[in-house]
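Residue-level structure breakdown
Okay, here's what each chain looks like letter by letter:
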Amino acid sequence: MWWFKRHPELLIRECEGLGSDSNYEEICRSRKNRLASSGNIVVRLKEISRYPVLIVYPEATPYELPKVFLLKECMTQVGLDVITGRFLDEGYSDLLKSKVTHLYRRHQNPDGSLCLLESDNLEGIGAWFFGVNQVISRVRNWLAGMTTGNLPSEGPEVELYAHFPHASREARILVTEAYFGDSLIQGDFFAYKFNDLISFDGKERTTVYAGVYLDGQSSNGIFLPNEDFKFQLDLIIEGFSHPSDFHQSGNQSKIQNLIREGKLLKGHWWNVNELSDPFEDTAGLAKIIGNGDIKLGHSRLFEVAMNALRIAEQHLYIGLRYPVTTERTEWQFLLLEKKETSKIVALLGEIQLEEFVNRLKEYNCKAIYSELYTDEKFHLRNSKRAVRDTLKTQSVNIIGCGSLGSEVADSLTKAGLGKLHLIDKDGIKISNSVRHVCGSDYVGISKTLALTDHLKRISRFIKVTNDHTDILDHALIQKIKNQDISISTIADDNVEGYLNEQAVINDRTVFYARALRGGKSARIFRVIPGKDACFHCLTLHKQDGHDQFIHIPDDDQLPTLTNECNNPVRPGSAADLKLISSIISRILIDSLQDGFGADNHWIWSTEELPKIEGLKLQSTQLEPHPNCQYCSNQHPVEVEISESILDFMRTETQKSPKIETGGILLGVNDKSGKLDIFFASDCGPKAIKTPTKFEKDIEYCQEFLDGHTSKYGDKAMYLGEWHYHPMAENKPSDIDLDSLSGISLQKEYLTDRPVMIILNNEGHARATVHPAGSRHYQVQLKIH
């Protein structure tokens with residue numbers, strides 16, 4: 001929960017720095033749910049100036065810098081205690097609105113905080129920590145510059161269509177799953193405006209429509225709305241959520257308005273036996289509709305289009321669905337357009353078939369271009385290399401939606417991935433478009449929303465969600481599902497160091513990728529907790545001179561271009577980054593399709609460097625470092641339990657074998673690292689229990705703990721939890737991992753290595769230990 005419990009040595013160092021720095025006169029300090037200090041930054045020039053400040057350490061410390069706020073006056077101890085007492089998810093900005101002072105200069109944020117330190121050691125591999133003395137020094141120098149005024153400078157088209165003698169350029173139709181279904185033989189089709197195409201000379205406009213609904217009659221004449229098709233998000237008509245909405249009397253005026261506005265196209269369609277050749281006129285159309293019988297065709301047209309021709313409508317849309325093979329049908333759409341030379345006018349009353357046929361001759365018959373827009377057809381070009389049937393069940397989190405991240409998201413969408421979750425806190429700037437997939441028309445929009453829109457424009461078959469949030473948000477990792485994989489392209493050692501810590505502890509698989517040397521090189525590595533070397537392991541491997549770790553030196557000719565507010569802009573053309581993002585995407589696709597291989601570290605370079613061949617992707621395997629604080633369990637815990645306690649837990653599970661249950665575990669936690677379980681509680685009367693969810697009765701379990709501790713003393717200390725899964729699986733779920741990780745970091749539980757025992761529906765027990773600040777691991781239960 002608190003960074004100072006994960007890093008106690010850092011807490012001591014920072015507190016000493018706050019109290020001894022000659023550039024800072026500390027007035028008060030407080031540590032409750034966060035650490036904060038208030039005092040004066042001292043600037044000694046010709047005169048001594050004092051600037052009141054508030055220094056607040058975030059939960060991501062040391063991967064995120066302390067926040068420094070300029071104040072009107074120093075905080076009081078009482079006021080500081082209120083700020084540090086706020087829960088982490090509550091924030092404290094509302095408490096500072098009246099207290100901060102704004103100098104209205106660069107490097108001061110809207111909330112009054114300063115951003116004056118940046119880390120630029122991209123290939124350092126380890127997180128780069130700045131102590132409070134460096135922060136204070138930089139603030140002091142900036143304030144000195146403010147004082148003196150000497151601030152540093154800021155730097156298969158359907159083939160048949162092509163053969164029709166007349167073609168319409170007014171419309172194109174995308175044939176979706178809505179237009180297929182064997183039960184219907186004729187009826188109405190609806191297509192919703194997809195977009196507009198403008199000719200190069202600007203004189204012609206073509207409206208592209210996508211099929212959204214088909215209704216009609218079955219072979220026995222019964223009306224059957226096609227309810228198999230499920231609306232896609234980008235094809236929804238506002239207010240419509242079900243096919244039956246097209247037939248609601250209250251929606252008819254809306255439908256007519258949409259048709260008049262050109263947003264909805266409506267026509268009539270028929271199943272025909274054959275359409276192997278194009279035709280020239282309406283007589284040819286009648287022959288096709290009549291399946292070779294032109295009189296029957298005219299009669300069928302008369303049934304549905306009599307009124308339209310009576311009032312001499314300008315346009316009628318017709319659809320023909322015809323078999324190509326015994327298993328496949330295709331569509332040809334046509335526009336009946338009144339001839340410019342036609343003199344027919346609207347008539348009152350009904351017209352007879354003969355008059356209808358004469359009027360029909362006054363219309364040109366033009367073919368409309370159409371193409372399949374189905375899942376299978378859309379992903380056809382990816383065949384074999386990107387297997388849609390596999391990828392559509394997979395989900396990837398894009399952490400960082402900048403130039404690399406957006407390109408990776410773009411490639412995965414086109415490959416046929418099922419779901420993408422986008423995470424980034426920044427917005428699109430005009431200069432981003434030179435390398436980002438989102439162009440200048442997205443300026444001012446958050447990167448996640450802009451990229452979501454971009455991806456939905458590519459494919460209606462992918463589900464895209466987004467989080468416009470800071471990667472350093474301590475709750476972010478809980479939003480990432482255990483079974484998903486993530487790709488981080490942030491290329492910030494501090495941010496990714498924190499992400500790595502949280503991902504390893506919570507058992508989340510993350511790929512990391514970064515462009516180096518101006519995009520001429522790249523490093524990509526995978527971290528499966530417990531299997532692969534994590535971000536911190538690489539630091540240790542580099543320090544040890546591991547022969548499989550390849551160092552990529554910086555290119556002094558390509559320094560950082562600008563560096564403002566901890567957001568360095570590094571050189572690298574879109575060509576370089578697209579190439580790197582393609583390699584990243586290929587590695588991800590292979591992993592999603594074929595599973596994770598042994599290699600977990602890839603180096604790409606377009607130039608030869610020490611131990612690196614040019615224009616070759618080199619791969620290797622790096623294992624967790626034995627001294628990594630997150631990956632290594634050098635002193636694994638032994639867990640002992642009696643058969644009678646296990647039998648008690650099994651008995652509890654069988655009271656409602658299809659419902660989850662559980663309780664707490666008590667016993668001895670000795671200094672040698674052994675946990676000896678002597679007692680287990682039941683769930684309690686107020687517990688929440690369902691087939692997929694369990695929450696223990698906290699009050700009951702606390703009374704159980706207090707009573708046993710009072711009676712048995714150190715033999716009844718809290719050791720952890722037990723839990724029942726009414727299924728064959730007895731591995732910890734995401735919720736289990738989050739719960740035990742939280743317990744290990746909360747002082748109230750008096751343990752930093754809680755144990756979790758999970759029983760499956762056959763009574764088999766699995767035990768895991770969840771150390772504070774490290775990944776969990778499985779242990780073999782010793783039963784006595």
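These numbers come from a predicted model, not from an experiment.

1. A look at the overall build of the protein chain
Check the secondary structure of the protein chain and you find 19 helices and 32 strands. Across the 784 residues in the protein chain, those meeting the buried criterion constitute 52%. When the accessible surface of the protein chain is split by element, carbon and sulfur atoms take 50% of a total near 37,200 Å². Of the charged side chains in the protein chain, 89 are positive and 107 negative, and the gap between their average positions amounts to 2 Å.

2. Remarks on the packing of aromatic side chains
The description of an aromatic ring pair rests on the distance of the ring centres and on the angle between the ring planes. By the definition in use, this model includes 27 aromatic pairs. Between the aromatic rings of Trp2 and Phe4, the centroid separation amounts to 6.0 Å while the plane-to-plane angle is 10°, which identifies the pairing as stacked. Just as Trp2 is buried, Phe4 falls in that class too. Cluster of aromatic residues (ring-pair linked, three or more members): Tyr179, Phe189, Trp269, Trp331 and Phe333.

3. Comments concerning the pairing of strand 7 (residues 186–198)
Both strand 7 and strand 9 (residues 264–271) contribute to a ladder of seven bridges, which runs antiparallel. Residue pairing across strands places Asp188 opposite His268, the latter belonging to strand 9. With nine bridges joining them, strand 7 and strand 8 (residues 205–214) adopt antiparallel strand pairing. Bridge pairing in strand 8 links Phe189 to Leu214.

4. A word on unusual backbone geometry
In the segment running from Thr61 into Pro62, the intervening peptide bond is cis, with an omega of 10°. Relative to the helices and strands, Pro62 is located in the loop between strand 3 (48–56) and strand 4 (67–70). At Asn291, a residue that is not glycine, the phi angle is positive and equals roughly 55°. Mapped onto the fold, Asn291 is located in the loop between helix 7 (282–289) and helix 8 (294–310). Under the relative-accessibility criterion, Asn291 is labelled partly exposed at 33%.

5. Considering the sheet that holds strand 5 (residues 113–114)
Here we have five strands laid out as an open sheet, ordered 1-2-3-4-5, and antiparallel in their pairing. Sheet topology places strand 1 (24–31) and strand 5 at the edges, where each strand pairs with a single neighbour. Here strand 1 pairs with strand 2 (residues 35–44) via seven bridges, running antiparallel. Across the sheet, the residue bridging to Glu25 is Asn40, located in strand 2. Across the face of the sheet, helix 3 (residues 77–85) comes into contact with strand 1, strand 2 and strand 3 while running at roughly 50° to strand 1. Across the sheet, helix 5 (residues 132–148) touches strand 1, strand 2, strand 3, strand 4 and strand 5, and the angle it forms with strand 2 is around 45°.

6. Side note on the sheet that holds strand 25 (residues 674–680)
One open sheet accounts for eight strands, arranged 31-30-29-28-24-25-23-32; its pairing is mixed. Each edge of the open sheet is held by one strand with a lone partner, namely strand 31 (777–779) and strand 32 (781–783). This sheet shows a mean twist of 35° between the axes of neighbouring strands, independent of strand direction. Both strand 24 (residues 661–669) and strand 28 (residues 717–724) contribute to a ladder of seven bridges, which runs antiparallel. In the sheet register, Leu666 faces strand 28, and the bridge partner there is Tyr718. Helix-sheet contacts for helix 17 (residues 643–654) involve strand 23 (638–641), strand 24, strand 25, strand 28, strand 29 (755–759), strand 30 (765–769) and strand 32, and the interaxial angle to strand 25 is about 50°. The strands touched by helix 18 (residues 698–712) are strand 24, strand 25 and strand 28; relative to strand 24, the strand with the most contacts, the crossing angle is about 25°.

7. Overview of helix 2 (residues 8–20)
When the terminal C-alpha atoms of helix 2 are compared, their 19 Å separation across 13 residues agrees well with the 18 Å that a helix rising 1.5 Å per residue should span. Among the residues of helix 2, Leu10, Leu11, Glu14, Cys15, Gly17 and Leu18 are the ones counted as buried. The arc that holds the buried residues of helix 2, viewed along the axis, is 160°, so those residues lie on one side. Counted as exposed and oriented over 90 degrees from the buried face of helix 2: Glu9, Ile12, Glu16, Gly19 and Ser20.

8. Focus: the nonpolar core
Counting residues in hydrophobic clusters, the biggest one holds 40 residues, and the most contacted among them are Val396, Ile398, Leu412, Leu420, Leu422, Ile487 and Ile584. Counting residues per element, this core draws most heavily on helix 16 (residues 574–594), which supplies eight residues. In contact with Ile487, other than residues within four places in its own chain, are Val396, Asn397, Ile398, Ile399, Val408, Phe511, Tyr512, Ala513, Ile584 and Leu588. Within the second largest apolar cluster, 32 residues are counted, among which are Leu275, Ala286, Leu334 and Ile351.

9. So, the pattern of salt bridges
Going through the model one piece at a time under the given rule, you end up with 37 salt bridges. Taking the shortest distance from any N to any O, the salt bridge between Glu640 and Lys674 comes out at 3.8 Å. Residue Glu640 is found in strand 23, and its partner Lys674 is found in strand 25; the two are separated by 34 residues along the sequence. If you follow the salt bridges from partner to partner, you end up with Arg517, Lys520, Asp555 and Glu607 in one network.

Reading guide: rules and limits
- Residues numbered from 1 in each chain as written.
- Predicted model: local features only at pLDDT ≥ 70, side-chain atom pairs only at ≥ 80, totals over all residues.
- Heavy atoms only, no water.
- Helix = DSSP H or I, 4+ residues; strand = E, 2+ residues; numbered from the N terminus.
- Buried < 20%, exposed > 50% of the residue type's maximum accessible area, 1.4 Å probe, protein only.
- Areas by Shrake-Rupley, 256 points an atom, 1.4 Å probe, with all protein chains shown as cover.
- Lys, Arg positive; Asp, Glu negative; His and termini not counted.
- Charge placed at Lys NZ, Arg CZ, Asp CG, Glu CD.
- Phe/Tyr/Trp six-rings, centres within 6.5 Å; stacked < 30°, edge-to-face > 60°.
- Pairing = 2+ DSSP bridges.
- Contact = heavy atoms within 4.5 Å.
- Axes fitted to C-alpha atoms, helices over the stretch in contact; angles between N-to-C directions.
- Expected span 1.5 Å × (residues − 1).
- Arc of directions from axis to C-beta.
- Core = buried A, V, L, I, M, F, W, Y, C linked by side-chain atoms within 4.5 Å.
- Salt bridge = Lys/Arg side-chain N within 4 Å of Asp/Glu carboxyl O.

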